[in-house]
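Given next are the chains, with one letter for each unit.
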Amino acid sequence: MTTSGPSDRSERGAERQNWVERRREKIRSEIERNRRGEYTVPTWVLAVALLLIVGGWLALIFLA
């Protein structure tokens, strides 16, 4: 039978704390980049916007 001792719990707690700290730092750095004006729109968003515009024009041409 396997039991988890206090060291196992503390290691998992430390690992989770490290993950939380890394996540918070990543979010902080992203917010700082955005405030400096380095924000970029993801490529997939631009592709979807282009498809919607082209699809709208095609619908306008063929359905009018």
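For the structure, check the block above.
These numbers come from a predicted model, not from an experiment.

Calculation notes
Residues numbered from 1 in each chain as written. Predicted model: local features only at pLDDT ≥ 70, side-chain atom pairs only at ≥ 80, totals over all residues. Heavy atoms only, no water. Helix = DSSP H or I, 4+ residues; strand = E, 2+ residues; numbered from the N terminus. Buried < 20%, exposed > 50% of the residue type's maximum accessible area, 1.4 Å probe, protein only. Areas by Shrake-Rupley, 256 points an atom, 1.4 Å probe, with all protein chains shown as cover. Patch = residues over 30% accessible without salt bridge, like charges linked within 9 Å, V, L, I, M, F, W, Y side chains within 5 Å. Salt bridge = Lys/Arg side-chain N within 4 Å of Asp/Glu carboxyl O. Expected span 1.5 Å × (residues − 1).

Trainee: Could you give an account of the overall build of the chain, naming the residues involved and the relevant values?
Mentor: From N to C terminus, the chain includes two helices and zero strands. Counting the 64 residues in the chain, one finds 0% classified as buried. Counting only carbon and sulfur atoms, one obtains 61% of the accessible surface of the chain, whose full area is about 6,300 Å².

Trainee: Can you explain a nonpolar patch on the surface? Please cite residues and give values.
Mentor: A surface patch of nonpolar side chains, about 1,000 Å² in accessible area, is lined by Leu50, Ile53, Val54, Trp57, Leu58, Leu60, Ile61, Phe62 and Leu63. When you line up the elements, Phe62 lands in helix H2 (residues 43-63).

Trainee: Break down H2 for me, citing the residues and quoting the values.
Mentor: Between its first and last C-alpha atoms H2 spans 30 Å; for 21 residues at 1.5 Å apiece the expected length is 30 Å, and the two agree. Counting buried positions along H2 yields zero of 21 residues, so the element is predominantly exposed.

Trainee: An account of the pattern of salt bridges is needed here, citing residue identities and associated values.
Mentor: Inspection of every chain in the model, using the stated rule, returns three salt bridges. Here Glu25 and Arg28 are joined by a salt bridge, their closest N and O atoms 3.6 Å apart. Here the residue Glu25 and the residue Arg28 both occupy positions in helix H1 (residues 6-35), the gap between them amounting to three residues, near one helical turn. Judged by its relative accessible area of 45%, Glu25 falls in the partly exposed class.

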